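Below are the chains, spelled out letter by letter.
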Amino acid sequence: MNSKNNSAPTRQDAEEAIRTLIRWAGDNPEREGLLDTPARVVNSYDEFFSGYKEDPREVLSRTFDEVGGYKETVLLRDIRFESHCEHHMVPIIGTAHIAYFPHSRVVGISKLARVVEIFAKRLQIQERMTSEIANVIQEVLEPKGVAVIIEGSHQCMTTRGVHNTGVSMITSKMLGIFRDDPTTRNELLMTLNRPSTLGL
Ligand SMILES: Nc1nc2c(ncn2[C@@H]2O[C@H](COP(=O)(O)OP(=O)(O)OP(=O)(O)O)[C@@H](O)[C@H]2O)c(=O)[nH]1
Ligand SMILES: [Zn+2]
């Protein structure tokens, strides 16, 4: 790879690439309605792929240990995420459920949602995103177990290709006690499937 390929593209390079794609699609990037589009698309990419700039380990590093002896599953369910598939760069939209069984320390629950967001805001396949979330929680918090279950709708299957609507993909990664102890795993799955008492 030459040095040009190694250096990060400038914003101008990125906007030029969008102008090329507009031309490739058959339109004129110089017409009035499209003049600001390259800048808007690059701003959107900044948002869609902001996860490359963030470190999930840092997010998880702030923990609390005054938990009154709580040693049961903590489950955060229905965390909505928006990602992009690495094959077609179109949205994957879904929900993630994260459970962990604390060893001694617990983490602020918003941090679990932030970890989902960091991995979602990268180019992904759902299997890897599921594993990455589970593995980083296991690595940083060292709990007795972690479970990550994700349901996603892949626009590369709905708006193009097979045009198959109403299909969702479900992936799960169980580590530690959730993998090894059927009782703990079954309790988790029962809690996960219980209707919300908050009407959510
Ligand atoms: N396993 C997995 N596959 C995915 C995910 N997101 C998209 N895909 C699939 O990735 C595959 C890429 O297949 P290719 O044959 O290389 O690409 P393609 O010709 O555009 O395929 P079609 O989508 O079938 O038109 C497709 O089958 C997609 O449905 C994901 O998160 N996990
Ligand atoms: Zn895809």
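As recorded by an unreviewed UniProt entry, the protein carries the name GTP cyclohydrolase 1 and is attributed to Commensalibacter papalotli. Looking at the Catalytic activity (unreviewed entry) heading of the UniProt record, one finds this comment for the protein: "GTP + H2O = 7,8-dihydroneopterin 3'-triphosphate + formate + H(+)". In its Pathway (unreviewed entry) section, the UniProt entry covering the protein states "Cofactor biosynthesis; 7,8-dihydroneopterin triphosphate biosynthesis; 7,8-dihydroneopterin triphosphate from GTP: step 1/1."

Engineer: Quick one: what's the story with the coordination of the zinc ion (ligand 2), residue by residue and with numbers?
Structural biologist: Every protein donor of the zinc ion (ligand 2) is listed here as C85 (SG), H88 (ND1) and C156 (SG), and their distances to the metal cover 2.0 to 2.3 Å. Positions of the donor residues of the zinc ion (ligand 2) along the chain correspond to the pattern C-x2-H-x67-C. One end of the pair, C85, is in strand β2 (residues 74–85); the other, C156, is in helix α7 (residues 155–158), and 71 residues separate them in sequence. Classification of C85 as buried rests on a relative accessible area of 4%.

Engineer: Residue-level account of the sheet that holds β2, with values.
Structural biologist: Note: strands within a sheet are paired through backbone hydrogen bonds, in either parallel or antiparallel orientation. Spatially, the five strands line up as an open sheet ordered β5-β2-β3-β6-β7, and their pairing is mixed. Edge positions in the sheet fall to β5 (123–124) and β7 (169–176), since each of these pairs with one other strand and no more. Contacting β2, β3 (91–101), β6 (145–154) and β7, helix α9 (residues 182–193) crosses the sheet at an angle of about 75° to β2.

What counts as what
Residues numbered from 1 in each chain as written. Chains lettered and ligands numbered in written order. Predicted model: local features only at pLDDT ≥ 70, side-chain atom pairs only at ≥ 80, totals over all residues. Heavy atoms only, no water. UniProt positions renumbered as here; feature names shortened; annotations may be inferred. Donors = N, O, S within 2.8 Å, 3.2 Å for Na, K, Ca; no water. Helix = DSSP H or I, 4+ residues; strand = E, 2+ residues; numbered from the N terminus. Buried < 20%, exposed > 50% of the residue type's maximum accessible area, 1.4 Å probe, protein only. Pairing = 2+ DSSP bridges. Contact = heavy atoms within 4.5 Å. Axes fitted to C-alpha atoms, helices over the stretch in contact; angles between N-to-C directions.

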